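# Secondary and tertiary structure notes
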Amino acid sequence: MKQTIKYLPTGQTFDNRKEAKIALGHSNFNHALRDGKIVFITTYSPTDIII
């Protein structure tokens, strides 16, 4: 099972919370999380298609 994090305004996808925090910065990550701009998606295979 693989959890990915998608940051909606940019469409970026990260493999985990740590990568997202590093890319967005701690403060921006927390603001995006608070404002509902981050979606957590759990997939069972890296080849799953999410629509």
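Before reading on, note that the structure itself is shown above.
Since the structure is predicted, the reported quantities are computational estimates derived from the model, not experimental observations.

Quick look at the environment of Arg34 now. Mapped onto the elements of the fold, Arg34 is located in helix H2 (residues 26-34). Given the relative accessible area of 60%, Arg34 is considered exposed. A polar contact of 3.0 Å, which involves the side chain of Arg34, links it to the side chain of Asp35.

Turning our attention to the nonpolar core. If you look at the biggest cluster of nonpolar residues, it comprises six residues: Phe14, Ala20, Leu24, Phe29, Ala32 and Ile38. The set of elements that each furnish at least two residues to this core consists of helix H1 (17-24) and H2.

So, about H1. Two to three positions downstream of the cap, the backbone nitrogen of Lys18 sits 3.2 Å from a side-chain oxygen, assigning the N-cap of H1 to Asn16. Directly beyond the C-terminal end of H1, a positive phi value near 90 degrees is found at Gly25.

Here we take up the packing of H1 against H2. Between H1 and H2, whose axes approach to 6 Å, the crossing angle comes to 115 degrees. Between H1 and H2 lies a crossing of right-handed hand. For the pair formed by H1 and H2, the contact residues are Arg17, Ala20, Lys21 and Leu24 on the first element and His26, Asn28, Phe29, Asn30 and Leu33 on the second. Partitioning the contact of H1 with H2 into residue classes produces four nonpolar, three polar and two charged.

So, on to the environment of Ala23. Here Ala23 shows up in helix H1. Put simply, Ala23 and Gln12 are 11 residues apart on the chain and 9.7 Å apart in space, counted from C-alpha to C-alpha.

The rules behind the values
- Residues numbered from 1 in each chain as written.
- Predicted model: local features only at pLDDT ≥ 70, side-chain atom pairs only at ≥ 80, totals over all residues.
- Heavy atoms only, no water.
- Helix = DSSP H or I, 4+ residues; strand = E, 2+ residues; numbered from the N terminus.
- Buried < 20%, exposed > 50% of the residue type's maximum accessible area, 1.4 Å probe, protein only.
- Polar contact = N/O pair within 3.5 Å; in protein donor to acceptor, adjacent residues only side chain to side chain.
- Core = buried A, V, L, I, M, F, W, Y, C linked by side-chain atoms within 4.5 Å.
- Axes fitted to C-alpha atoms, helices over the stretch in contact; angles between N-to-C directions.
- Left-handed = near helix turned anticlockwise from the far one by under 90°.
- Contact = heavy atoms within 4.5 Å.
- Nonpolar A, V, L, I, M, F, W, Y, C, P; charged D, E, K, R; others polar.

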